Amino acid sequence: MRRLLIVFGTRPEAIKLSPLVLFLRGQASKEFVVRTCVTAQHRGLLDQVLATFDVTPDHDLDVMMPGQTLGEVSSRMLAALEKVMRAEQPDLVIVQGDTTTTLCGALAAFYQRIPVAHVEAGLRTWDLEQPFPEEMNRVVTGRLARLHFPPTAQSAANLRNEGVRAEDILITGNTGIDALFYILRQLESGRLARPEWPFLDPGRKLLLITGHRRESFGDGFLRICDALGQLAKRADVQIVYPVHPNPNVRGPVNERLGALPNVHLIEPLDYVPFVDLMSRAEILLTDSGGVQEEAPSLGKPVLVMREKTERPEAVEAGTTRLVGTDVTRIAGEVSLLLDDEKEYRRRAALHNPYGDGHACERIAEGLRSFFAHGKMMPEAVPAAG
Ligand code: UD1
Ligand code: UDP
């Protein structure tokens, strides 16, 4: 039995790794001993997801502090992860994505000469400032990793261009789409109840907003709020904004939008109600990575409030358009979608560029090949998508 230690710490990592934990502990339980360590870089946002997927971590480092800096949270994590890895002695450490937890998990494993597998590998903007610090986190994690699980052919090509050997790369689709399809199936079959939204007006189109990127702190968020304030004046829309708990986000959002009657500022939603709300929305406005991946599989147009994206597949599919944080551009692009039905329909077509819901199976297969042959032998594994 090979010992795997899965390390995660924030909301998106938990959403994208919970299906893998459940799969490896379920269908693959005879081959792998699966241990989990949460850094709790996020506390409330992480706990919401753990409860949704019924995952109880074996180790909880509980590092989150209000208003934490990158250096503080990294040093707390690295020190604590070292102890966990010494105690657990895993054959492989699995990390996901591009957060501080991802990088610290990979670095702590590297220092103890434990091989690292990187899930959602190979995403790039080629600009270390955008998104900050995530582009650096994923580039360095990629350099430290022994195995790479990119979601798409483009992210795999990025890795090969950086010199990663083909036999160490396996295209899997994104495990986030496994999570999304799992929840959608439960909602559609009635096993999960559809949430109720008493404050929503069925006569108005729903704009669903999320935002938290560090490069937009300050003026960027003020401009985003001004654009939303303009859009809120339209009688045919309603705006729902589950506000990220980061004080750099909460401050300006509450101050600028708190008093507007047509804007509902709410607490971050559990994953199931958030999926349900995305499926009811007319347009998603976000800077989130995960939402950019989920939107094409839900057939929802997305306006991405960033200058660059590492997820070009949804732009190519027509679902996603970059609008930055410029007031006129955001308001204009939303109005275009609201007022031009043909354009809306074109951009709301269903696509699955980020996966078919079977990423976890492919990752398990890649791990089997690695432990048996020292490489993933992509030719032996069915291709994604
Ligand atoms: C982090 C990740 C980002 C990811 C995002 C997902 C880094 C550097 N950033 O950004 O890549 O897209 O999570 O949401 O890893 N807070 C709470 N409760 C929570 C979570 C956060 O109060 O459950 C507040 C705290 O004051 C905390 C602050 O938000 O100090 C910032 O959290 P942090 O994880 O450092 O950064 P995020 O902006 O959440
Ligand atoms: N999400 C959620 N509740 C919310 C907002 C987002 O469950 O109130 C989910 C969303 O569906 C996606 C993930 O959280 O799966 C994205 O997380 P976030 O935007 O915090 O991080 P990113 O993806 O940008 O790293």
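Provided above is the structure to which this section pertains.
Criteria and cut-off values
- Residues numbered from 1 in each chain as written.
- Chains lettered and ligands numbered in written order.
- Predicted model: local features only at pLDDT ≥ 70, side-chain atom pairs only at ≥ 80, totals over all residues.
- Heavy atoms only, no water.
- 1 Å grid on protein atoms, 1.4 Å probe; cavity = no way out; pocket = protein on both sides within 12 Å on 5 of 7 lines; lining within 4 Å.
- Points joined across faces, edges and corners; volume = space filled by probe spheres on them.
- Helix = DSSP H or I, 4+ residues; strand = E, 2+ residues; numbered from the N terminus.
- Nonpolar A, V, L, I, M, F, W, Y, C, P; charged D, E, K, R; others polar.
- Pairing = 2+ DSSP bridges.
- Core = buried A, V, L, I, M, F, W, Y, C linked by side-chain atoms within 4.5 Å.
- Buried < 20%, exposed > 50% of the residue type's maximum accessible area, 1.4 Å probe, protein only.
- Contact = heavy atoms within 4.5 Å.

Caption draft 1: Layout of the layout of surface pockets. Approximately 330 Å³ is the volume attributed to the second largest pocket. Looking at the second largest pocket, it is lined by 15 residues, and the ones nearest its centre are Pro 19, Phe 23, Asp 178, Tyr 182 and Arg 185. Of all the secondary structure elements, the ones that give two or more residues to the lining of the second largest pocket are α1 (11-25), α7 (175-189) and α15 (359-373). When residues of the lining of the second largest pocket are assigned to their parent elements, the largest contribution, five residues, is made by α7. Across the lining of the second largest pocket, the residue classes tally to eight nonpolar, three polar and four charged.

Caption draft 2: The arrangement of the sheet that holds strand β4 (residues 92-96) in detail. Spatially, β3-β2-β1-β4-β5-β6 is the arrangement adopted by the six strands of the open sheet, whose pairing is parallel. Every other strand in the sheet has two partners, leaving β3 (59-60) and β6 (147-149) as the edge strands with one partner each. With three bridges connecting them, strand β1 (residues 2-8) and β4 associate as parallel partners. Within β4, the position partnered with Ile 6 by the bridge is Ile 94.

Caption draft 3: Layout of empty space enclosed by the protein. Applying the stated criterion across every chain, the model contains one cavity of 30 Å³ or more. Approximately 40 Å³ is the volume found for the largest cavity. Leu 123, Pro 151, Thr 152, Ser 155, Asn 174, Glu 293, Glu 310, Arg 311, Glu 313 and Tyr 354 together form the lining of the largest cavity.

Caption draft 4: Region of the structure containing the nonpolar core. Judged by nonpolar contacts, the single largest core of 63 residues is most densely connected at Leu 4, Leu 24, Leu 92, Ile 94, Phe 149 and Leu 367. The residues contacting Leu 4, other than those within four sequence positions of it, are Leu 24, Phe 32, Val 33, Val 34, Arg 35, Pro 90, Leu 92, Ile 94, Leu 367 and Phe 371. Formed by 30 residues, the second largest nonpolar core is a distinct cluster that contains Leu 207, Val 249, Leu 257 and Ala 331.

Purely spatial values, then, with no claim about function.
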